[in-house]
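Analysis of the macromolecular model
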Amino acid sequence: MWTKSYSVTTKEVTKEQMWKLFADVNNWSSWDDGIEFTELTGEFEKGNSFILKPKGGPKLKVELLETTVNKSFLDVTPFPMAKMYDNHTFEETPDGLKITNTISVKGILAFVWVKLVASDIVKALPGDVKKQIEAAAKL
């Protein structure tokens, strides 16, 4: 298994604002330049899935494996012979809200999907999380 994490602590947003930003899946493309569109039918809760269309890539079905309101969510994207997990956590600390994003890839062809997809996602995390904080601060 391959795993990489990125964390930042900020006083610019609350866990409620971050949760509201992510729970509104259908508007992710308004703050994420790498997404053409997202479509969630139903609620942002465990067991539901959404379609994510990255710019220049195929439509992907992403399943919500765990959701804990205002605290964390875990999703999985299946690839041929591998799965990519994306875990988001929001933790209150004395220094502000600690936002952590952990990407993991498991499976026989994990090394292929790390090279094709996951490593680019991880490289983009610092800028992406900054955009998420800016967007959430407006909510």
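See the structure shown above.
The notes below deal with the structure included here. Here the residue numbering is sequential within each chain, running from 1 through the sequence in written order. Per-residue local features of the predicted model are confined to residues with pLDDT of at least 70, and side-chain atom pairs are confined, for both listing and counting, to 80 or more; whole-chain, interface and lining totals are unaffected and use all residues. Computation of side-chain values: all heavy atoms of the structure, hydrogens and water removed.

Considering the overall build of the protein
- Only DSSP runs of H or I reaching four residues or more are called helices, and only runs of E reaching two or more are called strands; each is numbered from the N terminus. Helices and strands together make up the secondary structure of the protein, namely two helices and seven strands.
- Along the chain direction, N to C, the helices and strands of the protein fall in the order β-α-β-β-β-β-β-β-α.
- The globule rule puts the C-alpha radius of gyration for 139 residues at 14 Å, and the 14 Å found for the protein is close to it.
- Expressed along its principal axes, the backbone C-alpha trace of the protein runs to roughly 40 × 30 × 25 Å.
- Buried means the residue's accessible area, taken with a 1.4 Å probe over protein chains only, is under 20% of the maximum for its type, while exposed means over 50%, and partly exposed covers the values in between. When each of the 139 residues of the protein is scored for burial, the buried share is 40%.
- Here a residue-residue contact requires only that any non-hydrogen atoms of the pair lie within 4.5 Å. Summarising the internal contacts of the protein: among those between residues at least 6 apart in sequence, 42% fall at separations of at least 24.
- Total accessible area computed for the protein in this model is approximately 7,800 Å², and 53% of it derives from carbon and sulfur atoms.
- Charge counting treats Lys and Arg as positive and Asp and Glu as negative, with His and both chain ends excluded. To locate a charge, the coordinates of NZ of Lys, CZ of Arg, CG of Asp or CD of Glu are taken. In the protein, the 18 positive side-chain charges and the 19 negative ones have mean positions that sit 5 Å from each other. Here the radius of gyration uses the C-alpha set of atoms, whereas the globule reference equals 2.2 Å times the residue count to the power 0.38. Per-residue accessibility takes into account occlusion by the displayed protein chains alone, with areas from the Shrake-Rupley method and a 1.4 Å probe.

Focus on the packing of aromatic side chains
- What counts as a ring pair is set by centres within 6.5 Å for rings of Phe, Tyr and Trp (its six-membered ring), and what kind of pair is set by the plane angle: stacked under 30 degrees, edge-to-face over 60, tilted for all other angles. Here the structure, examined in full by the defined rule, presents 10 aromatic pairs.
- A ring pair is formed by F22 and W28, whose centres lie 5.9 Å apart and whose planes are at 90 degrees; its orientation type is edge-to-face.
- For F22, a relative accessible area of 2% puts it in the buried group.
- Note on W28: relative accessible area 6%, which makes it buried.

Let's talk about the sheet that holds strand β7 (residues 96-106)
- By this definition, two strands are paired if DSSP reports at least two bridges between them. Pairing is antiparallel across the open sheet formed by seven strands, whose spatial order is β1-β7-β6-β5-β4-β3-β2. Looking at which strands have only one partner, the edges of the open sheet turn out to be β1 (2-10) and β2 (35-40). Geometrically, the sheet is characterised by an average inter-axis angle of 20 degrees between neighbouring strands, direction not taken into account.
- With eight bridges joining them, strand β5 (residues 72-79) and strand β6 (residues 82-93) adopt antiparallel strand pairing. Bridge pairing in β6 places F79 opposite A82.
- Note on geometry: axes are lines fitted to C-alpha atoms, helical ones only across the stretch in contact, with angles between N-to-C directions running from 0 to 180 degrees. Lying over the sheet, helix α1 (residues 15-23) contacts β2, β4 (60-68), β5, β6 and β7, oriented at roughly 155 degrees with respect to β6.

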